[in-house]
Amino acid sequence: MQTASLTSVLQAWLPPLPAPVMSALLAAALALSLVLKLWLASRQVRHVRQHRGAVPAPFAASVPLGAHQKAADYTAANTGFGMLSLAVSSALLVGWTLLGGLHGLNEWVLDHTLQRFGPLGYQLCLLTVFALIGGLLDLPLELYHTFRLEQRFGFNRTTLPLYVADLFKGLLVGALIGLPIAALILWLMGTAGPLWWLWAWGAWMGFNLLIMVLYPTVIAPLFNKFEPLQDELLRGRVEALMARCGFAAKGLFVMDGSRRSAHGNAYFTGIGAAKRVVFFDTLLQRLHPGEVEAVLAHELGHFKHRHVLKRMVSLFALSLLGFALLGWLSTQVGFYVGLGVQPNMAAPNDALALLLFMLVLPVFSFFLTPIAAQRSRRDEFQADAYACAQSSGQDLANALLKLHEDNAGTLTPDPVYAGFYYSHPPASERLAAIERLSPRPA
């Protein structure tokens, strides 16, 4: 079978895509996903509010009623905000596609840029203008979430000047990183023939690996300060843990997460010899050394079980299928017309294909959410088991409870909602599993 046969098979097996079929597919998928999302969200809000009045029995001795009620209120408010965001994003999607918004934008950009900047310049301008408009349309909701919702529950520590500085830094980094890879993919789409999707996939994967190398030392320091971990006791425990687990890192760092949020976290970043361990300062302020060690042991469990590698391989495989599908769709006039765009007659349509594909792909991939969530929860249980074997299960349980309280995570999620969305097991299931692995002393 020839290398280009994946797209060729799609072209041979599938009939030409009529515009009405494409329109109907998007409308049906969008309507179904909206109904499902709203039903799940309403279940979550109702279930959390119904159980707001009392702390669940397993947590009664360790979680104050006030913290439980704050978590319930925060969860309900966040879920309600999610429903508002869903309505806005769905309206924007319909506006960009079926109502012809992208077609109108494309005509304007085409008229003002094609003669001046050429085909590639026109396409980059289209991507840039679309991204800027999308960012402006999203900005009011982002501002509300940060400065009203997060502020209301005491989590926001971002000032308006810091928010604006982050916004402009993000735009600059996005342009410096995004425009070159976009130009390369557009160039491949226009010059690499039937194999363009394979070459573009290779470029995209290489780009992602490069970002993983550059992020810890080049990109992240533009937004946060990273200081070497100074606590000698904690450093000793962490280094001993990593030695036991056969894990090497280039450094242990503390990030000033408290500048923006009261939420705490810890994570690994980078690949290969460039891996770093990063602790939020808010995490270190809340947990004692044994609990921090247990949280880190959990993260090491993901590496021990090769969860990160497996997810990268899955991402690469799905990306390959996505590029192959885009290779077929970009040849279908019905793909453009069915999504409200008349293809260009005197200019390339590659940027239009990219934009339309990025707009509609989340609508269809949403239905895979429970599969990905279930796989992620399985990985979390495995990482917890590894942490219990390498550190104290009691410390891990205590740390998880503190993080749940600090992040206002609900202890009473709706089971259906959690089964569909949650990438981490609900606290009750997770702590019960830790209890079985590391029972409390009598």
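Residues numbered from 1 in each chain as written. Predicted model: local features only at pLDDT ≥ 70, side-chain atom pairs only at ≥ 80, totals over all residues. Heavy atoms only, no water.

### Quick look at the environment of Leu-321
Mapped onto the fold, Leu-321 is located in helix α10 (residues 307-329). Note: C-alpha distance between Leu-321 and Trp-201 (120 residues apart in sequence) is 9.3 Å. (Helix = DSSP H or I, 4+ residues; strand = E, 2+ residues; numbered from the N terminus.)

### Description of the nonpolar core
In this structure, Leu-102, Leu-126 and Phe-335 are the most contacted members of the largest nonpolar core, which totals 48 residues. When contributions to this core are tallied by element, the ones reaching two or more residues are α2 (19-50), α3 (65-96), α4 (101-152), α5 (160-191), α6 (196-219), α10, α11 (333-338) and α12 (350-365). Examining the composition of this core, we find that 10 residues originate from one element, α12, more than from any other. Excluding anything up to four places from it in sequence, Leu-102 contacts Gly-95, Trp-96, Phe-130, Val-341, Leu-352, Leu-355, Leu-356 and Leu-359. (Core = buried A, V, L, I, M, F, W, Y, C linked by side-chain atoms within 4.5 Å. Buried < 20%, exposed > 50% of the residue type's maximum accessible area, 1.4 Å probe, protein only. Contact = heavy atoms within 4.5 Å.)

### Side note on the UniProt feature "domain: CAAX prenyl protease 1 N-terminal" (unreviewed entry) in the protein
UniProt tags residues 44-225 as "domain: CAAX prenyl protease 1 N-terminal" (unreviewed entry). Taken end to end, residues 44-225 comprises 81% helix and 0% strand; its first and last C-alpha atoms sit 37 Å apart. (UniProt positions renumbered as here; feature names shortened; annotations may be inferred.)

### Looking at the sheet that holds strand β1 (residues 226-228)
Strand order in the open sheet formed by 4 strands is β1-β2-β4-β3, with mixed pairing between adjacent strands. At either end of the open sheet lies a strand with only one pairing partner, and these are β1 and β3 (266-269). Each strand of the sheet is rotated relative to its neighbour by a mean of 35°, with strand direction disregarded. In terms of strand pairing, β1 meets strand β2 (residues 251-255) through 3 bridges, oriented antiparallel. Its bridge partner lying in β2, Glu-227 is registered against Val-254. Across the face of the sheet, helix α7 (residues 232-245) comes into contact with β1, β2 and β4 (276-280) while running at roughly 135° to β2. On the sheet, helix α9 (residues 289-304) packs against β3 and β4 and is oriented at approximately 35° with respect to β3. (Pairing = 2+ DSSP bridges. Axes fitted to C-alpha atoms, helices over the stretch in contact; angles between N-to-C directions.)

### Topic: the packing of aromatic side chains
Counted under the stated rule, the structure contains 14 aromatic pairs. A ring pair is formed by Phe-147 and Tyr-163, whose centres lie 5.5 Å apart and whose planes are at 65°; its orientation type is edge-to-face. Taken together, the residues Phe-147 in helix α4 and Tyr-163 in helix α5 connect sequence positions 16 residues apart. Taken together, a centroid distance of 6.5 Å and an interplanar angle of 50° make the contact between Phe-366 and Tyr-421 tilted. Of this pair, Phe-366 sits in the loop between α12 and α13 (369-390) while Tyr-421 is found in helix α15 (residues 415-421), placing the two residues 55 residues apart along the sequence. Judged by relative accessible area, which is 7%, Phe-366 ranks as buried. The exposure class of Tyr-421 is partly exposed, given its relative accessible area of 27%. Aromatic ring contacts, followed pair by pair, group Phe-366, Phe-367, Tyr-417, Phe-420, Tyr-421 and Tyr-422 into a single cluster. A cation sits over an aromatic face here: Lys-70 above Phe-155, 4.7 Å from the ring centre. Its end group placed over the ring of Phe-253, Arg-276 keeps NZ or CZ at 4.1 Å from the ring centre. (Phe/Tyr/Trp six-rings, centres within 6.5 Å; stacked < 30°, edge-to-face > 60°. Lys NZ or Arg CZ within 6 Å of the ring centre and 35° of its normal.)

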